[in-house]
Amino acid sequence: MAAEFVEFGHELIDQLDYRTSYLAVPVRCLGCGVRSTKWLSNLRRGHGCESCYAPTRAAIGDQSRFSQADAEAIVVSIGLTPTGAYVNALTPCPCRCGRCGRDVGPRLGDITAKLRAGKQVFGCEPCAHLQVGIDSRTSEAEIRDDLLAAGVEYLDGYVTPRPQFAVDASPASAS
Ligand SMILES: [Zn+2]
Ligand SMILES: [Zn+2]
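The structure presented is a predicted model; accordingly, all values stated were derived computationally and were not measured. (Residues numbered from 1 in each chain as written. Chains lettered and ligands numbered in written order. Predicted model: local features only at pLDDT ≥ 70, side-chain atom pairs only at ≥ 80, totals over all residues.)

Caption draft 1: Region of interest: the pairing of strand 3 (residues 35-39). Two elements, strand 2 (residues 24-29) and strand 3, share five bridges in a ladder whose sense is antiparallel. Bridge pairing in strand 3 places Val25 opposite Lys38. The turn linking strand 2 back onto strand 3 is made up of five residues, and Gly33 within it adopts a positive phi angle of 85 degrees. (Pairing = 2+ DSSP bridges. Helix = DSSP H or I, 4+ residues; strand = E, 2+ residues; numbered from the N terminus.)

Caption draft 2: Quick look at the nonpolar core. Of all hydrophobic cores here, the largest spans 18 residues; its most connected members are Val75 and Leu108. Contributions of two or more residues to this core are made by helix 4 (68-77), strand 5 (95-97), helix 5 (108-116) and helix 6 (125-131). Broken down by element, the residue count for this core peaks at three residues, all from helix 4. (Core = buried A, V, L, I, M, F, W, Y, C linked by C-beta atoms within 7 Å. Buried ≥ 20, exposed ≤ 12 C-beta atoms within 10 Å, placed from the backbone.)

Caption draft 3: Broad picture of helix 5. Restricting attention to buried positions, one finds in helix 5 the residues Leu108, Gly109, Asp110, Ile111, Ala113 and Lys114. Gly118 sits one or two residues past helix 5 and shows a positive phi near 80 degrees.

Caption draft 4: Molecular detail of the sheet that holds strand 5. Overall, antiparallel pairing links the three strands, which are arranged 4-5-6 in an open sheet. Pairing within the sheet leaves two strands with one partner each, and these edge strands are strand 4 (80-82) and strand 6 (103-104). Pairing between strand 5 and strand 6: two bridges, direction antiparallel. Looking at the pairing, Arg96 lines up with Asp103 of strand 6.

Caption draft 5: Structural view of the confidence of the model for the protein. When pLDDT is averaged along the protein, the result is 78; 72% of the residues meet or exceed 70. Low confidence marks residues 156-168, where pLDDT is under 50. Its contacts with residues over four positions away, or in another chain, come to 32 contacts. (pLDDT = per-residue confidence, 0-100. Contact = placed C-beta atoms within 7 Å.)

Shown next as structure tokens:
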């Protein structure tokens with residue numbers, strides 16, 4: 001299992017931490033050395049290191065300035081309620097998750113980049129992980145119903161019942 005972390009650019013700090021791919025474990029990035037907590041399931045889906053992604057995020061942010069109203073419309077569209085002022089695309093925007101009620105702080109630049117890429121966006125990582133179970137369903141209409149029932153706006157990304165269905169809340173992937 002440690003080898004798979006390495007394959008995805010991370011070193012498992014303590015092998016004993018690892019239980020399943022759906023629990024986050026402390027890791028160190030082999031690229032920049034920064035420690036973080038990662039789900040192996042996320043790494044398998046192409047997520048990477050936040051610190052390594054920072055320059056990409058900065059580039060996205062430079063292109064993305066929203067009015068307060070536009071920023072609020074975007075976070076509402078992914079099932080969140082704004083609880084504070086939007087500053088810029090790189091600054092976490094204070095929101096409350098409409099599913100679990102957690103206070104979260106997604107970056108508008110990340111959200112819009114993913115929306116443009118046709119990915120489904122949650123803005124709340126714990127809820128995104130809960131939704132992973134939906135993968136076993138077969139019909140797109142069922143997926144849509146499930147997501148709506150969970151308070152999630154269905155956007156795009158459903159391809160097959162396999163894990164290609166983009167369940168994506170972490171800001172670590174640029175593509
Ligand atoms: Zn890194
Ligand atoms: Zn949530």
